[in-house]
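Inside the fold
The primary structure of each chain is shown beneath.
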Amino acid sequence: MQVPFAKPYLKGHEGAAVAEAVASGWVSQGPRVREFEQRFAERVGAPDAIAVTSCTTALHLALYATGIGPGDEVIVPTMSFIASANAVWQCGGTPVLVDVEPETYNIDPAGIEAAITPRTKAIMPVHQMGLPADMDAITEIAARHGLAIVEDAACAIGASYKGRPIGSSEHLACFSLHPRKVITTGEGGMITVPDAAIAERMRQLRQHAMSVSDLARHGATDVIIERYPERGWNYRMTDMQAALGLCQLDLLDEILELRREQAERYSRAIAGIPHLEPPFEPDYAVRTWQAYPISLAPDAPLSRNELMRVLLKDGVPTRRGIMNIHEEDSYAQPPLRLPQAEDASSRSLLLPLFAGLTEAEQDHVIDRLAAHVSALAAA
């Protein structure tokens, strides 16, 4: 059996929705993008939302609108996809990489406190794999030091922290709509925005800072000459993508429930396999199960990479646990020692998990995992 690692959850009607967008003539940013923004904001309890081309451009735009520029420092957990740090760099700022909590893989509030300098302007908590970070602790630190918060919520659509949906806070939060995330538009991102003035500025910045949108000009009854009061970028989502996104929002609750059921099934099985540790479940959060991480115990009879290789030969693709940015050449200077993240990343891997994973496929993953670990443990 060959098990996919991840697949988007599509029901078959999405093609017609995209075709309808094409037939309308609005194939770039238009009315479907605005509808998608409104429904996304409503779903997470935010006043507004801004659709863009990816979560990376969402983070860049959010940081820029927050005022991050050359010489500014933004505190970022090292255990995250490299886009988290790259977005700071794209603003001319410096990402200051800090350690994570060993159980949640999320940014350690104590590490934030220790990393603050006079140049620190913002904190970027990452809700890793859809598990919310400890936002009360992070918000308290930010308020005490006068720092902004930009949430990297790439994996967190549908997650909640102490009963509050991620995206509903007073901070800018950035979501990913990549095919490996909970819902998808192919490529795409979304920023939830608490302030109407910031939302208006970000809408302009995503289209070269043009003073009037294409949609407004199209519906005008008189000639409109647009202006460019500042410099911006082309980060516009298309109506074709938004049509897919609207279909995906209709399925979000179903997708979250399927992922939860699969994660619980994995956890029950892994409890009986020696040398494997299931993911930690804090009582303060509801996660999305965007991914299912397991960790090899320190005394495991094989390494993480060895286990990944033997599983791949049996038709079970896996991925390494979340990368550490400070261990990549692009961010290796100055050298850092962040022991919790280094240990967690080196011992963790991600199992196939997606809405649509069949019971037979999941059984095959569990069977091969147990066979390899148990056989080596007995040897």
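Conventions we followed
Residues numbered from 1 in each chain as written. Predicted model: local features only at pLDDT ≥ 70, side-chain atom pairs only at ≥ 80, totals over all residues. Heavy atoms only, no water. Buried < 20%, exposed > 50% of the residue type's maximum accessible area, 1.4 Å probe, protein only. Helix = DSSP H or I, 4+ residues; strand = E, 2+ residues; numbered from the N terminus. Arc of directions from axis to C-beta. Contact = heavy atoms within 4.5 Å. Pairing = 2+ DSSP bridges. Core = buried A, V, L, I, M, F, W, Y, C linked by side-chain atoms within 4.5 Å.

1. Re helix α1 (residues 14-24)
Burial in α1 covers these residues: E14, A17 and A21. Along α1, the residues classed as buried sweep out an arc of 65 degrees about the axis, all on the same side. Turned more than 90 degrees from where α1 packs its buried face, A16, E20 and A23 sit exposed. Tucked into the core, α1 has its buried residues touching α2 (31-44) and α9 (239-270). Remark: G25 follows α1 within two positions and exhibits a positive phi of approximately 95 degrees.

2. So, the sheet that holds strand β6 (residues 160-161)
In spatial order, the strands read β7-β6-β11; together these three strands make up an open sheet with antiparallel pairing. Strand pairing shows two members of the sheet lacking a second neighbour, β7 (164-165) and β11 (285-286), which therefore form its edges. Where β6 meets β11, two bridges bridge the pair, whose relative direction is antiparallel. Across the sheet, residue Y161 finds its bridge partner in β11, namely A285.

3. Considering unusual backbone geometry
The bulk of non-glycine residues show a negative phi, and the bulk of peptide bonds are trans. Looking along the chain, the bond that leaves Q333 and enters P334 is cis, with omega of -5 degrees. Considering the arrangement of structural elements, one finds P334 in the loop between β13 (319-320) and α11 (339-347). The backbone of M129 sits at a positive phi, close to 55 degrees, despite the residue not being glycine. Mapped onto the elements, M129 comes out in the loop between β4 (120-123) and α6 (135-145). Overall, M129 belongs to the buried group, its relative accessible area being 2%.

4. Section: α11
Taken residue by residue, α11 has A341, E342, A344, S345 and R347 as its buried positions. Residues of α11 that are buried in the fold lie against β10 (276-277), β12 (292-296), α10 (304-313) and β14 (348-351).

5. Some details on the nonpolar core
Judged by nonpolar contacts, the single largest core of 47 residues is most densely connected at F36, F40, I138, I157, F175 and I183. Among the secondary structure elements, those contributing two or more residues to this core are α2, β1 (48-52), β3 (94-98), α5 (109-115), α6, β8 (172-176) and α9. When residues in this core are grouped by element, the largest group, seven residues, is from α9. The contacts of F175, once residues within four sequence positions are left out, are F40, C55, A153, A154, A156, I157, I166, G167, G188, G189, M190 and T192. In terms of nonpolar packing, the next biggest core, distinct from the first, is built from 34 residues, L61, V74, I82 and C91 among them.

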